[in-house]
Protein chains: 2
Amino acid sequence: MTDSTLVNNEEIVNGNVSIIPLGGLGEFGLNMMVYETEDDLIVIDTGFMLPNSDMPGVDLIFPDIHYLVERKEKIRGILLTHGHEDHIGALAYVLRQLDVPVYSTQLTLAIASGRLREYGVLGKAQLNTIAPGDTVELGDFSAEFIHVTHSIPDSVAIALRTPIGVIVHTGDFKFDMTPIDGKLSDIQTLARLGSEGVLMLVSDSTNAERPGQTPSERSIYDTIDHIFQRTEQKLFLCTFSSSLHRIQQFIDLANRHRRLIAVSGRSLINNVRTASELGYLDVNPDYLIDARDASMFKPHEVVVLSTGSQGEPRSAMALMALDNHPFLKVEQGDTVVISARIIPGNEKAIGNVVNHLLRRGAKIYHERNADVHVSGHGSSEDLKLMINLLQPKFFMPMHGEYQNLVRHAELAESVGIPSENITVAEDGELIYLTPETCEVFGREGRSGRVLVDGKPEIELEDIVLRDRIQLSEDGIVVPIIVLHSDTGDGSQQEDTGADETASRREQSVTESTDNGSKTGLNAGEIEIISRGFVYMDKSEELIEEAKVITRRVIENLSDEQKHETEIVQDEVRGALRRFFSKQMQRTPLIFPVVMRV
Amino acid sequence: MTDSTLVNNEEIVNGNVSIIPLGGLGEFGLNMMVYETEDDLIVIDTGFMLPNSDMPGVDLIFPDIHYLVERKEKIRGILLTHGHEDHIGALAYVLRQLDVPVYSTQLTLAIASGRLREYGVLGKAQLNTIAPGDTVELGDFSAEFIHVTHSIPDSVAIALRTPIGVIVHTGDFKFDMTPIDGKLSDIQTLARLGSEGVLMLVSDSTNAERPGQTPSERSIYDTIDHIFQRTEQKLFLCTFSSSLHRIQQFIDLANRHRRLIAVSGRSLINNVRTASELGYLDVNPDYLIDARDASMFKPHEVVVLSTGSQGEPRSAMALMALDNHPFLKVEQGDTVVISARIIPGNEKAIGNVVNHLLRRGAKIYHERNADVHVSGHGSSEDLKLMINLLQPKFFMPMHGEYQNLVRHAELAESVGIPSENITVAEDGELIYLTPETCEVFGREGRSGRVLVDGKPEIELEDIVLRDRIQLSEDGIVVPIIVLHSDTGDGSQQEDTGADETASRREQSVTESTDNGSKTGLNAGEIEIISRGFVYMDKSEELIEEAKVITRRVIENLSDEQKHETEIVQDEVRGALRRFFSKQMQRTPLIFPVVMRV
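The residue numbering used here restarts from 1 in each chain and proceeds along that chain's sequence as written. Chain labels run from A onward and ligand labels from 1 onward, assigned in the order the entries are written. Given that the model is predicted, a residue must reach a pLDDT of at least 70 before its local features are reported, and side-chain atom pairs must reach 80 or more before they are shown or counted; all residues, however, enter totals for whole chains, interfaces and linings. Each side-chain value is derived from all of the structure's non-hydrogen atoms; neither hydrogens nor water enter the calculation.

K.L.:
How should the sheet that holds strand β19 (residues 392–398) of chain A be read in this particular structure?
P.N.:
To summarise the sheet geometry, strands pair through backbone hydrogen bonds and adopt either a parallel or an antiparallel arrangement. All names here are of chain A. For two strands to be treated as a pair, DSSP must find no fewer than two bridges joining them. To qualify as a helix, a DSSP run of H or I must reach at least 4 residues; to qualify as a strand, a run of E must reach at least 2; elements of each kind are numbered from the N terminus. Ordered by their spatial adjacency, six strands build an open sheet running β8-β9-β10-β11-β12-β19, and the pairing between neighbours is mixed. Edge positions in the sheet fall to β8 (135–138) and β19, since each has one partner strand and no second. Averaged over all pairs of adjacent strands, the angle between their axes in this sheet comes to 20 degrees, without regard to strand direction. In terms of strand pairing, strand β9 (residues 141–148) meets strand β10 (residues 155–162) through seven bridges, oriented antiparallel. The residue bridging Ile-146 from the neighbouring strand is Ala-157, located in β10. On the sheet, helix α11 (residues 380–390) packs against β11 (165–169), β12 (198–204) and β19 and is oriented at approximately 165 degrees with respect to β12. In this analysis an axis means a line fitted to C-alpha atoms, helices contributing only their contacting stretch, and an angle means the value between N-to-C directions, from 0 to 180 degrees. In what follows, residue pairs with any heavy atoms lying within 4.5 Å of each other are defined as contacts.

What follows is the structure in structure tokens.
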């Protein structure tokens with residue numbers, strides 16, 4: 001997490017602005033951007049990220065916020081662009097460490113509040129509701145909130161007036177010309193800003209690699225309508241709990257086709273309740289039923305809304321696929337619609353769920369075989385439109401992997417931004433903006449990621465994660481060596497842990513004690529246990545031989561060496577590593593324990 | 001690997017045919033199909049599969065061939081359709097256990113021979129070269145080899161004449177109307193078989209979900225040609241080592257653009273050598289250079305052919321992306337073309353390589369942003385053409401995940417095969433074919449997968465793999481409890497394994513011995529070691545407390561209980577599990593060891 005080009009960022013002068021992406025530039029998720037002058041600092045978005053399969057046991061990933069904690073006196077506010085977890089999921093984590101006001105739209109704050117309550121920080125949180133069009137003064141910054149269309153209502157871009165000019169931070173957006181809630185992206189305000197002059201645009205790169213324009217959210221309506229028409233049995237509609245425009249369309253179609261709506265999944269239930277209470281979702285509560293009661297109705301009378309679109313193993317959809325769900329069942333003739341993006345890395349998990357649902361006889365629709373999903377992010381032409389509306393002097397792509405940022409930079413160049421005015425930066429870099437220049441100044445050494453496994457306040461160390469990955473490759477072998485400092489007889493040591501009744505999991509093979517003629521320290525009992533390396537029941541010979549080798553290694557050590565635990569460990573480890581590698585071509589972790597009695 | 005509906009397959013009578021897919025129906029890879037009559041048995045293909053990230057440490061997966069070993073007297077031959085590893089990769093594994101003749105085309109056998117030599121079975125292997133058009137008599141079966149186009153030359157479908165009719169097994173195929181080697185799929189023979197009457201078609205489902213026709217291999221030529229034209233620096237072309245038609249086009253384009261060809265990667269070098277020796281590849285050896293010498297030429301004078309298209313971490317491409325390759329370097333202005341399919345599950349790995357190559361300043365082309373790859377498998381319309389050419393009575397999709405098989409079944413129905421004549425089967429099922437019926441008869445209990453980690457002759461047990469996955473989730477904790485059967489003083493036990501000099505990896509925290517007033521068995525030294533659970537350097541308090549809990553558990557046991565190792569283990573495990581779960585919300589494997597002195 002440290003870097004050689006560590007920079008002291010106390011040099012911001014004359015109202016110039018420093019920009020530090022603490023997350024989201026180089027990955028999807030973790031979105032968090034810092035804008036800073038000499039006296040003031042604001043943060044836009046506080047997102048988390050879910051781990052990939054190469055991070056076993058990790059529950060959540062947060063951005064490292066040391067940079068903020070060290071400057072907490074300067075922070076004038078946290079601004080949230082919209083209510084997706086990759087933009088608000090770390091808010092509770094941040095507010096536990098920082099007492100700063102939060103500004104966002106009504107729905108975004110309502111969704112964020114759920115997790116703040118869970119983490120016990122809702123009481124002390126300073127939540128300030130703004131409406132699109134509002135402006136908030138935050139020291140050197142004045143933030144204007146601009147409505148944009150996205151897959152969740154109440155999304156905003158933010159125009160930051162700074163002492164050196166206007167910076168526009170888009171958040172996630174598309175230009176949906178027929179939005180479900182009728183609220184367009186505020187093209188007029190964007191165009192006005194463009195006319196007045198924008199110093200810098202920082203824009204969403206998610207779909208920079210997609211040609212053309214992203215279709216309207218409304219474009220999937222007819223496809224889903226046809227699926228309703230064709231489905232004579234139960235219908236399952238699966239999407240993200242935050243895709244409220246999608247959910248509104250599902251609700252409208254359920255009404256149209258006279259199906260009751262069973263909502264499954266805690267986050268989905270919460271979001272439907274919150275959004276309908278606040279008027280962001282139009283749903284007649286008479287048509288909502290408890291998912292537990294779905295089986296009381298005829299199959300064609302019900303539609304089930306559910307999460308689990310990414311094949312998450314504990315989701316309702318995954319449980320139904322394996323017929324393990326306590327009360328929902330997918331049967332021959334049912335239809336399942338996965339109305340969500342297949343997030344890269346989740347293909348296998350989703351594929352497994354689809355295969356199992358097909359085995360149950362269901363008909364499956366997903367984005368690869370039907371137009372049941374449309375993105376909430378603008379494609380190439382939308383991104384060009386944003387640049388052309390704002391005509392910024394400087395451009396920086398955000399929100400994406402490096403390849404998306406690079407592609408977005410190419411798009412910006414194609415519409416006339418000079419390449420020297422485009423900055424492709426990554427997390428932890430420090431971008432220094434003046435009225436005439438924008439350049440990467442160095443790296444902020446304390447940026448990075450915080451891995452969480454279990455309690456969110458306990459950080460999972462990188463080294464522990466590396467150990468887990470190594471453990472998973474070839475398992476672990478623990479030789480336990482008892483060294484006797486006297487030459488007593490060994491008769492009392494025969495009853496070892498290796499009872500015949502011991503279960504397989506505990507099984508270990510012990511060797512009878514050999515108190516030979518040597519004096520000083522002698523190897524007494526040697527026990528070898530292992531997990532994830534070989535099947536112990538079938539490997540007695542191998543383990544026996546390993547113990548003979550261990551004993552031989554120790555007997556060949558001098559008394560001085562035997563007194564050095566580290567030497568004993570190193571020698572045993574080396575000998576066993578060579579032995580296992582030759583016998584099995586496997587290289588387990590070998591972790592010798594020396595006990596002295 | 002066993003199933004309740006285990007069936008005795010000794011009931012095949014009257015020349016009826018039993019079909020048992022031992023792999024490839026339900027996954028990509030492991031292709032192996034058994035066709036069997038009362039007296040004779042043949043096997044088509046012997047493929048392996050590479051593991052997913054959910055199988056840590058696994059090197060290779062082979063089909064379980066118990067079914068074959070138990071019937072080895074009946075086996076008349078192994079027939080190979082083409083030289084891809086998912087069709088020939090398990091041949092050495094099979095021939096180590098079975099002494100049976102192998103039949104295939106010249107190139108397929110030449111490629112297979114490399115691995116047979118490596119495994120030491122080439123000498124005893126009975127390899128019989130056939131040419132497309134040949135027929136081989138194998139007991140009740142007569143096998144006619146029919147040329148088909150695919151991404152590797154010398155691919156064949158197989159028409160099996162059986163006592164009850166003709167079964168056509170397509171292997172992998174497309175209908176390429178302008179193949180690179182000028183050899184078309186033998187549509188005439190397929191049509192003739194269709195006219196004469198085909199009882200059953202067993203066909204490749206890989207691209208059943210793709211609409212339309214798969215374009216010709218030749219269709220990528222112009223795109224790659226343009227990339228050659230635009231590239232002023234080094235050009236890297238990355239594909240599978242077995243994609244020989246692709247490699248031929250790369251060679252032709254290198255000649256056209258006067259670049260020398262550096263081939264990187266052992267499998268690629270071997271295949272280029274083998275294929276050119278046998279006349280399947282037209283390459284002037286004067287234009288081939290050693291990849292080690294690539295840097296001796298100017299960047300525009302060289303094209304580098306390499307493997308690593310799937311982001312494999314030890315591949316040349318992945319090493320270059322991280323600038324870790326010993327002699328190949330990707331630099332600003334270079335171009336990298338990934339001319340291969342992105343195999344599901346590999347998106348993340350490939351994405352990482354692409355991101356790093358972009359950071360080095362390279363221009364990247366891959367199948368998602370340019371037409372640099374075309375599949376070797378037919379799409380929907382090709383699959384329908386195959387069915388229409390053969391007009392089979394019965395149809396069974398093979399080669400794909402369950403969703404691909406289901407889609408292929410739908411295609412077959414759409415061209416007129418009655419749904420009751422279509423069998424969607426999976427690995428290990430036993431399909432019984434008569435002139436009038438084709439149905440799944442039950443399951444062959446001993447089918448499945450053999451996981452290999454390390455030496456191929458040592459099977460990795462499922463239980464060991466499950467242990468690895470569990471280890472990777474939250475690590476392992478090993479409490480080591482020394483039980484004293486006397487009430488001696490504890491002074492001699494002070495020098496434990498926890499030297500101050502011990503490295504972090506070995507660190508463990510020991511508690512001073514407490515030989516209290518109790519008689520009988522007493523807890524002496526207690527040591528707790530762990531990996532992948534917590535960072536021991538920062539968790540001394542937690543481990544200390546865990547030891548206090550362990551000691552308390554043991555002291556509360558009766559003497560009888562203390563004599564039962566399993567009881568001690570269970571009690572300690574339960575107490576520590578509750579403690580760690582409460583403190584950390586983590587659930588490591590807990591594996592207590594009881595030592596008695």
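K.L.:
I tried to follow the sheet that holds strand β6 (residues 101–104) of chain B on my own but got confused; where do I start?
P.N.:
Residues and elements named next belong to chain B. One open sheet accounts for eight strands, arranged β7-β6-β5-β3-β2-β1-β20-β21; its pairing is mixed. The open sheet has two edge strands, β7 (126–129) and β21 (438–443), and neither has a second partner. Strand-to-strand twist across the sheet, computed as the mean angle between neighbouring axes with direction ignored, equals 25 degrees. With five bridges joining them, strand β1 (residues 17–23) and strand β2 (residues 32–36) adopt antiparallel strand pairing. For Gly-23, the partnering residue across the bridge sits in β2 and is Met-32.

K.L.:
How do you make sense of the pattern of salt bridges when you look at a structure like this?
P.N.:
Two side chains carrying opposite charge are able to pair once their charged atoms lie near each other. Residue and element names in this part refer to chain A. Definition used for salt bridges: Asp or Glu carboxyl oxygen within 4 Å of a side-chain nitrogen of Lys or Arg. What the rule picks out here adds up to 60 salt bridges over all chains. Its salt-bridge partner being Glu-36, residue Lys-74 comes within 2.7 Å of it at the nearest N-O pair. Here Lys-74 is found in the loop between α1 (66–69) and β5 (75–79), whereas its partner Glu-36 is found in strand β2 (residues 32–36), with 38 residues between them in sequence. The pair Lys-74 / Glu-36 is uniform in exposure class, with both members buried. Of the charged contacts, one joins Glu-196 and Arg-161 as a salt bridge, the two residues approaching to 3.9 Å between their closest N and O atoms. Here Arg-161 lies in strand β10 and Glu-196 lies in helix α5 (residues 187–196), a separation of 35 residues in the sequence. Buried, partly exposed and exposed residues are distinguished by accessible area as a fraction of the type maximum, computed with a 1.4 Å probe on protein chains only: under 20%, between the cut-offs, and over 50%, respectively.

K.L.:
Got a minute to help me understand the interface of chain B and chain A in this structure?
P.N.:
Put simply, an interface is often sized by how much accessible area is lost when its parts join up. Each side of the interface is counted separately: chain B has 82 residues, and chain A has 82 residues. As a working definition, buried area equals the accessible area (1.4 Å probe) given up by two parts on being put together, with both sides summed. Summing the contributions of chain B and of chain A, the shared interface buries around 7,500 Å²; its carbon and sulfur component is 51%. Where chain B packs against chain A, one counts 14 salt bridges. Between B:Arg468 and A:Asp474 there is a salt bridge, with its nearest N and O atoms 3.3 Å apart. Each polar contact in these results corresponds to two N or O atoms within 3.5 Å; when the atoms are within protein, one needs to be able to donate a hydrogen and the other to accept it, and residues that are neighboring in sequence are counted only if both atoms are side-chain atoms. Along the contact surface separating chain B from chain A lie 26 residue pairs in polar contact (both at pLDDT 80 or more). Of all the secondary structure elements, the ones that give two or more residues to the side of chain B that touches chain A are α10 (347–359), α12 (402–414), β23 (459–460), α13 (462–474), β24 (476–484), β26 (522–531), α16 (565–584) and β28 (593–596) of chain B. Of the residues forming the side of chain B that touches chain A, the biggest block, nine residues, is contributed by α13(B). In the side of chain B that touches chain A, the residues fall into 28 nonpolar, 24 polar and 30 charged. Asp, Glu, Lys and Arg are counted as charged, while Ala, Val, Leu, Ile, Met, Phe, Trp, Tyr, Cys and Pro are counted as nonpolar; the rest, among them Gly, fall into the polar class.

K.L.:
In this structure, what is going on with the packing of helix α12 (residues 402–414) of chain A against α10(B)? I would like to understand it.
P.N.:
In a packed pair of helices, the relevant descriptors are the angle between the two axes and the axis-to-axis distance. Where α12(A) meets α10(B), the closest approach of the two axes is 8 Å, and the angle between their N-to-C directions is 50 degrees. One element, α12(A), and the other, α10(B), form an angle in the oblique class. Every residue of α10(B) that contacts α12(A) at A:Tyr402, A:Gln403 and A:Val406 is listed here: B:Gly351, B:Val354, B:Asn355, B:Leu358 and B:Arg359. Class assignment of the residues belonging to the contact of α12(A) with α10(B) gives a composition of four nonpolar, three polar and one charged. The cut-offs work like this: below 35 degrees is roughly parallel, past 145 is roughly antiparallel, 65 to 115 is roughly perpendicular, and the gaps in between are oblique.

K.L.:
How do you make sense of the packing of aromatic side chains when you look at a structure like this?
P.N.:
Each aromatic ring pair is characterised by the separation of its centres together with the angle its planes make. Two aromatic rings from Phe, Tyr or Trp, using only the six-membered ring of Trp, form a pair when their centres are within 6.5 Å; if the ring planes differ by under 30 degrees the pair is stacked, by over 60 it is edge-to-face, and anything between is tilted. Within the structure shown, the criterion is met by ten aromatic pairs over all chains. On the basis of an interplanar angle of 20 degrees and a centroid distance of 4.3 Å, the ring pair of B:Phe62 and B:Tyr93 is categorised as stacked. Taken as a pair, B:Phe62 in strand β4 (residues 60–63) and B:Tyr93 in helix α3 (residues 91–95) lie far apart in primary sequence, 31 residues in all. Classification of B:Tyr93 as buried rests on a relative accessible area of 12%. Judged by centre distance (5.5 Å) and plane angle (50 degrees), the ring pair of B:Phe579 and B:Phe580 falls under tilted. With a relative accessible area of 0%, B:Phe580 lands in the buried category. Chaining the aromatic ring pairs together yields one cluster made of A:Phe533, A:Phe579 and A:Phe580. One cation-aromatic arrangement involves A:Arg71 over A:Tyr67; the distance from NZ or CZ to the ring centre is 3.6 Å. Two conditions define a charge located above a ring, namely a distance within 6 Å from the ring centre to NZ of Lys or CZ of Arg, and an angle within 35 degrees of the ring normal. Just above the ring of B:Phe28 sits the side chain of B:Arg341; from NZ or CZ to the centre is 5.5 Å.

K.L.:
Is there a simple way to explain the packing of helix α5 (residues 187–196) of chain B against helix α11 (residues 380–390) of chain B in this structure?
P.N.:
All names here are of chain B. Contact geometry for α5 and α11: axes closest at 6 Å, N-to-C directions at 50 degrees. The angle between the axes of α5 and α11 places the two elements in the oblique class. Counted together, Ile-187, Leu-190, Ala-191, Leu-193 and Gly-194 of α5 and Met-386, Leu-389 and Leu-390 of α11 form the full contact between these two elements. Of the residues belonging to the contact of α5 with α11, the class tally is seven nonpolar, one polar and no charged.

K.L.:
Explain the pairing of β2(B) to me, please; I cannot follow it from the model alone.
P.N.:
The two faces of the sheet receive side chains in turn, since in a regular strand these alternate between them. Residue and element names in this part refer to chain B. Of all five residues making up β2, five are buried, and the element is well covered by its neighbours. Both faces of β2 are covered, namely the face carrying Met-32, Val-34 and Glu-36 and the face carrying Met-33 and Tyr-35. Judged from the four bridges that link them, β2 and strand β3 (residues 41–44) form a sheet pairing that is antiparallel. By the bridge assignment for β3, Met-33 is matched with Ile-44. Turn length for the β2-β3 hairpin, with the two strands adjacent in sequence and antiparallel, is four residues.

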